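# A closer look at the structure
Take a look at the letters that make up each chain.
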Amino acid sequence: MVPFFSYSSAQEPLKFPEIIEQIESLQKDDLLTAIKLASFYDKDITQFSLEERIRFKRLQAELYNNKTAFDLAKFAAEEGLELTKKLSHPSINMARLLNSRGYAIESEGYYDLALQDYIAALEIAESLDDRKVVIETLTNLGAVYYITEKFQRSIIVLNDALSQAQTLNDDKMLGLVYLELGALYSYLKQEDKVQEFNKKAYSHLTKANEPHKALMSLQNIAVTHAAHKEYLLAIELYKDIIGKAKKSGNFSILSNSYSEMAEAYLKKEPSDPHTAYHYILIAEKYAKSVKEANYETLLLVNKADILNHLERYQEALAIINRAEKLVPVQAENIQTYSILELLRIKSELYYAQGLYEKAYKTQNERHTNTRNINSRNNLKALEGIRIQYESKQEELQANALKAKQVAQSLALQKANEVYRNKTFYIFIGVITVLALAWFYIINLNNQKKLLNSRETDHLTDLPNRQTLLALGSAQFNQITKNKTDYSVLIIKVDNFTNINQVKGYDIGNSILIEISLIITNLIGENTQCGRYSSNEFIVLLPNVNAQIAEDIAYNIHSYIYRKSWEKYGLKVISVSIGMSNNNSYLIQSYESLVKQAGVLKQKAVVSGGNMVCV
């Protein structure tokens, strides 16, 4: 508990450095008490000098931003900026106040206004040659650019900030930049880099004694664990974060962590929606103090998802309707994730209640939005820029190493001046041989990759249709000479178009991969399975008679039908299978064998699916 003192009337004057030191110390461990203490001293602010009042307002704005009290942060920053007008010369605190106001405005979703403050802050910081404030401002600019999907600008700005932070070798600056790079690479779908940058951010921010920012990086690491389906690791990390956030009074991180932990409990195996619901209610309690743009929508999305799994469909739809009203509130706000998740959950709710037409239309709307987003972002077009700037991240170390190499090279040159020409030609010869060998290896690898891409299906890694047709034709001709059996199965996943439309293409792809593994495991040795079309597989069974082939077909059909598909939100998946054998006067070629299997497969489909026709 911090003691409060009254400095009225004839008591000794306030000692500003001690006050600031006390507030800054408390800010790291007890944010709420630090804010109360600042509010207490705010009454006597007129006793401070002009520069001290400006610095005090800057600190107060930072405190409110850490608490996510953005209205109060903006007000304190504006009071400080008004005081700066009385200065006879520019002050670095003016740039810091602009950064604080910009951060508050950005957090409320007004990105264009935030950019104006950040650009003004950058001009002041650069004119005063304050590298730390320049780096802080660049990280703020980079964040606005990736939030508003201007990824190219974000890459350039954040790597400029990183280069300057590496030159300073300052832990706080490095931590801030790595924190934003982690967020940027999350948008760019580079998950390995996301984890790498967040770990670096946490290390540097911990060393710099910046607990609030360090917790943000730790929270991002937990999010990445969850994205990799490492839910137990994520849950343990969230519990650690919650313990630390409670001590410091950071309600934003508390609410976020409870919400994300609820989602982890929902998605882990086995799913635990009841515990998830318990934690989402706690997250809502802390969320009352969080005024971040989009946050309420994200919380409602998570809650609706949990209620859906609890089969409380009407409550979930009511939550979705609430969330949808919040989405268009701020025209400047980019709400890609919220919109897509709302559509996904709404589609699943309709599907669970048997409202298939509504489910189809909603899922179709989601796919249209996804295509539009992918087209707008065109992340592949950024690969060259991303790689170019990644190389700059190690530029300082490379330059230092180069300097050492040059010094060593000069020493070696002096020591071996007599043999310089001979050594040079030998060196050129070795380099030439190595270069030729390297180009040969690269070319060989590329040829292998190209050949492999022509022969295999990119999703299941099985042989593709063309490969299986060629292989089957060669096998059939050989078997015809030997007068032995040859059987073919064509397997179609029933209602696969509906699965894609309702559950999404990612789920559909996962199901195809799993079915391909089931078939491969059940058909035995000396056989071959390949992908025949989008939702069909073909199985070649050389030296297998009709009866054994029929048994294999029924085994595949039964296994897929009895298997639990609940992790994809489906109660059952079935297949239709056609089986043909060369022991028939109708079969004169491999093509006719495959055609007959296709006809029988189609007969199974027309008869209602979920059957084997032989």
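Residues numbered from 1 in each chain as written. Predicted model: local features only at pLDDT ≥ 70, side-chain atom pairs only at ≥ 80, totals over all residues. Heavy atoms only, no water.

## Here's the deal with the sheet that holds strand β1 (residues 486-493)
An order of β2-β3-β1-β4-β5 is seen for the 5 strands of this open sheet, with the pairing classed as mixed. Two strands in the sheet have a free side with no partner beyond their single neighbour: β2 (528-533) and β5 (612-613). Where β2 meets strand β3 (residues 536-542), 5 bridges bridge the pair, whose relative direction is antiparallel. Counted as the bridge partner of Gly530 is Ile538 from β3. Sheet strands in contact with helix α26 (residues 590-606) are β1, β2, β3, β4 (575-581) and β5, and its direction is about 145° off that of β4. (Pairing = 2+ DSSP bridges. Helix = DSSP H or I, 4+ residues; strand = E, 2+ residues; numbered from the N terminus. Contact = heavy atoms within 4.5 Å. Axes fitted to C-alpha atoms, helices over the stretch in contact; angles between N-to-C directions.)

## A short note on the confidence of the model for the chain
Mean pLDDT over the chain works out to 79, with 80% of the residues at or above the 70 mark. Of the regions scoring below 50 in pLDDT, residues 377-398 engages in 31 contacts with residues more than four places distant in sequence or in other chains. Taken as a whole, residues 446-453 scores under 50 in pLDDT and shows 0 contacts with residues more than four places along the chain or in a different chain. (pLDDT = per-residue confidence, 0-100.)

## Thoughts on helix α7 (residues 131-147)
The terminal C-alpha atoms of α7, which comprises 17 residues, lie 24 Å apart, in line with the 24 Å expected from a rise of 1.5 Å per residue. When you tally the buried positions in α7, you get 14 out of 17 residues, the bulk of the element. Backbone nitrogen of Lys132 and a side-chain oxygen of the N-cap are separated by 3.3 Å at the start of α7; the cap is Asp130. A positive backbone phi angle near 65° is found at Glu149, which sits one or two residues after α7. (Expected span 1.5 Å × (residues − 1). Buried < 20%, exposed > 50% of the residue type's maximum accessible area, 1.4 Å probe, protein only. Polar contact = N/O pair within 3.5 Å; in protein donor to acceptor, adjacent residues only side chain to side chain.)

## Some thoughts on unusual backbone geometry
Cis rather than trans, the peptide bond between Glu269 and Pro270 has omega equal to -5°. Along the chain, Pro270 falls in the loop between α13 (251-267) and α14 (273-287). Located in the positive-phi region is Asp129, a residue other than glycine, with phi close to 55°. Relative to the elements of secondary structure, Asp129 occurs in the loop between α6 (111-127) and α7. The backbone of Glu311 sits at a positive phi, close to 60°, despite the residue not being glycine. Note on placement: Glu311 falls in the loop between α15 (295-309) and α16 (313-326).

## Remarks on the packing of α15 against α16
Taken N-terminus to C-terminus, the directions of α15 and α16 make an angle of 165°; their axes are 8 Å apart at the nearest point. Our classification of the angle between α15 and α16 gives roughly antiparallel. Here α15 runs over α16; the crossing is left-handed. Mapping the contact onto sequence places Glu296, Thr297, Leu300, Lys303, Ala304, Leu307 and Asn308 in α15 and Tyr313, Glu315, Ala316, Ile319, Ile320, Arg322, Ala323 and Leu326 in α16. Here the contact of α15 with α16 is built from residues that sort into 9 nonpolar, 2 polar and 4 charged. (Parallel < 35°, antiparallel > 145°, perpendicular 65-115°, else oblique. Left-handed = near helix turned anticlockwise from the far one by under 90°. Nonpolar A, V, L, I, M, F, W, Y, C, P; charged D, E, K, R; others polar.)

## Looking at the packing of aromatic side chains
Tallied over the entire structure, the rule returns 12 aromatic pairs. Where Phe40 meets Tyr41, the ring centres are 5.3 Å apart and the plane angle is 65°; that geometry is what we call edge-to-face. Ring centres 6.3 Å apart and planes at 90° place the aromatic pair Tyr486 and Tyr590 in the edge-to-face group. You can see Tyr486 sitting in strand β1 and its partner Tyr590 sitting in helix α26, a full 104 residues away along the chain. A relative accessible area of 2% means that Tyr590 is categorised as buried. Clustering of aromatic rings is evident, with ring pairs tying together Tyr258, Tyr265, Tyr279 and Tyr286. Positioned over the ring face of Tyr532 is Arg465, at 4.0 Å from the centre of the ring. Across the ring face of Trp565, the terminal group of Lys563 is positioned such that the distance to the ring centre comes to 5.5 Å. (Phe/Tyr/Trp six-rings, centres within 6.5 Å; stacked < 30°, edge-to-face > 60°. Lys NZ or Arg CZ within 6 Å of the ring centre and 35° of its normal.)

## Concerning the environment of Ala245
Checked against the element boundaries, Ala245 lands in helix α12 (residues 231-248). Judged by its relative accessible area of 0%, Ala245 falls in the buried class. Sequence separation between Ala245 and Ser255 is 10 residues, and the spatial gap between their C-alpha atoms is 9.7 Å. In contact with Ala245, not counting residues within four places along its chain, are Leu215, Asn250, Ile253 and Leu254.

## A short note on the nonpolar core
Core analysis: the largest hydrophobic core is formed by 76 residues, its most contacted members being Ile23, Phe56, Leu63, Leu141, Tyr146, Leu181 and Leu184. Leu141 has contacts with Leu115, Tyr118, Ile119, Leu122 and Val157, leaving out every residue within four places of it along the chain. Core analysis: the next-biggest nonpolar cluster, separate from the first, contains 48 residues, Leu218, Tyr279, Tyr286 and Leu342 among them. (Core = buried A, V, L, I, M, F, W, Y, C linked by side-chain atoms within 4.5 Å.)

## Points about the pairing of β4
The two faces of the sheet receive side chains in turn, since in a regular strand these alternate between them. Extensive coverage of β4 is indicated by the burial of 7 of its 7 residues. Here β4 shows two buried faces, one formed by Val575, Ile577, Met579 and Asn581 and the other by Ser576, Gly578 and Ser580. For β1 and β4, the ladder comprises 7 bridges, and the chain directions are antiparallel. Across the sheet, the residue bridging to Ser487 is Asn581, located in β4.

## Focus: α16
The terminal C-alpha atoms of α16 lie 20 Å apart, and with 14 residues this matches the ideal 20 Å at 1.5 Å per residue to within 8%. All buried positions along α16 are accounted for by Ala316, Leu317, Ile319, Ile320 and Ala323. Around the axis of α16, the buried residues are gathered within 160° of arc, so they sit on the same side. Opposite its buried face, α16 presents the exposed residues Gln314 and Lys325, each directed more than 90 degrees away. (Arc of directions from axis to C-beta.)

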